[in-house]
Amino acid sequence: RMPSNFIPSYQIRADFSRAMSDMYGQEVPLYKTMLAAVRDVNREVLTRHPKLEEELGNLDRVSEERHGAIRLGTHEEMQTMAQLFAVMGMYPVDYYDLTVRDLPIHSTAFRPIETSELAQNPFRVFT
């Protein structure tokens, strides 16, 4: 059991996700417009189909951002981020080789792997 003065990993993931979103929204203002549109559609669907809330969660939960992406260029950057991901309860789960599509990208998805952590905050980062 975690001491009470520690911030749970799901909360750190949520804060990190929010900070990434805010940063990207400043760089690309239409991103915030898209997030608002997604929330409006989610609100409308949940209003029309109230039983979905039992299955999927409330409006805040279903509108929560699910993924982000970070470009890393060096082994040291990857090591640093792996340590940060560990603090956030995120583990490497998949590898994507996009060179097969003529894109110079190799990516690993970091996300929680425990069901309870995914339920609290499913945020993942493609790195």
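The coordinates are above.
Treat the numbers as computed from the prediction; the structure is a model and nothing was measured.

Reading guide: rules and limits
- Residues numbered from 1 in each chain as written.
- Predicted model: local features only at pLDDT ≥ 70, side-chain atom pairs only at ≥ 80, totals over all residues.
- Heavy atoms only, no water.
- Axes fitted to C-alpha atoms, helices over the stretch in contact; angles between N-to-C directions.
- Helix = DSSP H or I, 4+ residues; strand = E, 2+ residues; numbered from the N terminus.
- Parallel < 35°, antiparallel > 145°, perpendicular 65-115°, else oblique.
- Contact = heavy atoms within 4.5 Å.
- Nonpolar A, V, L, I, M, F, W, Y, C, P; charged D, E, K, R; others polar.
- Buried < 20%, exposed > 50% of the residue type's maximum accessible area, 1.4 Å probe, protein only.
- Pairing = 2+ DSSP bridges.

Colleague: Give a description of the packing of helix α1 (residues 9–27) against helix α2 (residues 29–48) that names residues and reports values.
Modeller: Between α1 and α2, whose axes approach to 4 Å, the crossing angle comes to 125°. As the angle between them shows, α1 and α2 are arranged oblique. Across from S21, D22, Y24, G25, Q26 and E27 in α1, the residues of α2 making contact are P29, Y31, K32 and L35. Its residues assigned to classes, the contact of α1 with α2 shows four nonpolar, three polar and three charged.

Colleague: Please set out the environment of L103 residue by residue, giving values where relevant.
Modeller: Here L103 shows up in the loop between β2 (91–97) and β3 (106–111). Given a relative accessible area of 40%, L103 falls into the partly exposed group. Sequence separation between L103 and M23 is 80 residues; the distance between their C-alpha atoms is 25 Å.

Colleague: Would you mind going over the pairing of β3 in detail, with residue names and values included?
Modeller: Sheet topology places β2 next to β3; six bridges connect them, and they run antiparallel. By the bridge assignment for β3, Y95 is matched with T108. Where β3 lies against strand β4 (residues 124–126), two bridges are found, and the strand directions are antiparallel. Counted as the bridge partner of A109 is F126 from β4.

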